[in-house]
Amino acid sequence: MTAAETGTPALVRADLPAPTRMLSGRSVYRVVWKLNTDVLVGYCWCGETHESEDPIELWEWLLAHPDQHDDGAAAGAPSAPAPDLVDA
Amino acid sequence: MPSWPMNQWYVAAYSDEIKEEMFARTICGEPLAFYRTSQGQVVALADRCVHRRYPLSLSHLKDDQVVCGYHGFTYDQGGRCVAAPGQKRIPRTARVPAFPVVEQDSLVWVWIGDPERADAELAPRAPWLDAPDYTTVRGMEPLRARYGLLVDNLLDLSHETYLHGGYIGTPEVAETPITTEVDEETNVVYVSRHMDDAECPPFYATSTGIQGRIARWQDIEYHPPCLYLLHSRIAPVGAHPPEEGPDDQAFHVEVVYAITPETENSTHDFWMVARDFALDDQQVSDFLGEQNRTVVLQDVVALDVLEQVVESEKENYQELSINIDTGGLAARRLLKKLVEAGTPEPLPVGQA
């Protein structure tokens, strides 16, 4: 699959290489390199995702994203566990 | 403003380097004099006598106090002058700065910044380094390059394939996609590369005795600015960690680096390799120590050259970043954030 075919759907789930998760907590951003493609998939802690082939553009999106959370999403965030390391 | 974050812990030395004698090392542009008291406490003082600038590291100890080797000014463990030659009155300003120290996991950490803000709990841990169920080999190589170049190097291990072929590099390292995570609250970068069917490089084939292909997992945990942990798991292909119980089909190697700026253009490259197998086998220790030192020196040669390139390039030179740089970019950004956070607020105009 090429990046052009992938597009940027509203919600994507990458074909994830293991481990599926390493850190936990409400302030963890995650970037997965989609297997067999050049596509990076960024996950905000709120669950929103964004695809890019440029890591700089993707980090900029992730860091800008919390500013776009509505009050509901932000209010729901504190229920997430405190950040700490998880055994991979 | 320095390029490294202030108000942070930095590894200054290995525990066994600091004895009951003076020891000099520059950390983050601060020439420091270290010693260990008769009670075992590590002391770090600015390495300059307040009187005529003589290095305290060239002085000697008497009763756990430093007696300047030039005129005999004597300092206690807090840096306070307690004796001056030929007179009873000791000037109130006769004091050298003392730097907070934490000693744990066989490492001596020093706090660079406001001593009032030093919190021992903030020094990150590497418990394998002095754990009884691990054996560790270690060294330190001086790097004539800025610390950021070593951070870039260690956060992107795809370079192993090209710079360290024949030691730790195999084709799969550069070919396998990575997963990157950043915790914005605890300031940790995690980069994971799991190779489930890979060639076994000599570094692991010889030390573990594994024949044939391997599952090789690299999980990097970077605690900026100083501590870098590479959790390396080596196992026969198909041997996954059990849901419960010990992961005893695998060999575990904890590769630890402490990335400590010396000056703006030089770095202390502390490296450690801790393993949970062949604990008493001196041949394995010798092999891993020699191999890892060779690998580190390959990096040193490359990064020393890069420093010259960076220093001579035109302003605003643009790099190119691709997918393999996702973790390195995250580390750079966290470092930038910590530099900004550690910089004292400028005083309002008129109060400077």
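Residues numbered from 1 in each chain as written. Chains lettered and ligands numbered in written order. Predicted model: local features only at pLDDT ≥ 70, side-chain atom pairs only at ≥ 80, totals over all residues.

Trainee: So what's going on with the sheet that holds strand β10 (residues 107-112) of chain B? Which residues, and what values?
Mentor: Residues and elements named next belong to chain B. Spatially, the 3 strands line up as an open sheet ordered β1-β10-β9, and their pairing is antiparallel. Strands with a single pairing partner mark the edges of an open sheet, and in this sheet they are β1 (8-14) and β9 (101-104). Across the sheet, the mean angle from the axis of one strand to that of its neighbour is 30°, orientation sign disregarded. As paired strands, β1 and β10 are joined by 6 bridges and run antiparallel to one another. (Pairing = 2+ DSSP bridges. Helix = DSSP H or I, 4+ residues; strand = E, 2+ residues; numbered from the N terminus. Axes fitted to C-alpha atoms, helices over the stretch in contact; angles between N-to-C directions.)

Trainee: I'd like a description of the interface of chain A and chain B, backed by residues and values.
Mentor: Residue-level contacts link 21 residues of chain A with 22 residues of chain B. Residue assignment for the side of chain A that touches chain B shows that the elements contributing at least two residues are β2 (28-33) and α2 (55-64) of chain A. Sort the elements by how many residues they give to the side of chain A that touches chain B and β2(A) lands first, with 6 residues. Looking at side-chain class alone, the side of chain A that touches chain B contains 17 nonpolar, 2 polar and 2 charged residues. Strand direction decides the pairing type here: β2(A) and strand β12 (residues 179-183) of chain B, joined by 5 bridges, are antiparallel. The residue of β12(B) that forms the bridge with Arg30(A) is Glu181(B). (Contact = placed C-beta atoms within 7 Å. Nonpolar A, V, L, I, M, F, W, Y, C, P; charged D, E, K, R; others polar.)

Trainee: How would you sum up the domain arrangement of chain B? Please name residues and give values.
Mentor: Residues and elements named next belong to chain B. Domain parsing of chain B yields domain 1 (8-121) and domain 2 (125-340). Facing 14 residues of domain 1, the contacting portion of domain 2 comprises 15 residues. Of all the elements in the fold, those that place two or more residues in the side of domain 1 that touches domain 2 are β1 and β2 (23-27). Ranked by residue count, the leading element in the side of domain 1 that touches domain 2 is β1, at 6 residues. Looking at the side of domain 1 that touches domain 2, its residues break down into 8 nonpolar, 5 polar and 1 charged. (Domains from an automatic or database assignment.)

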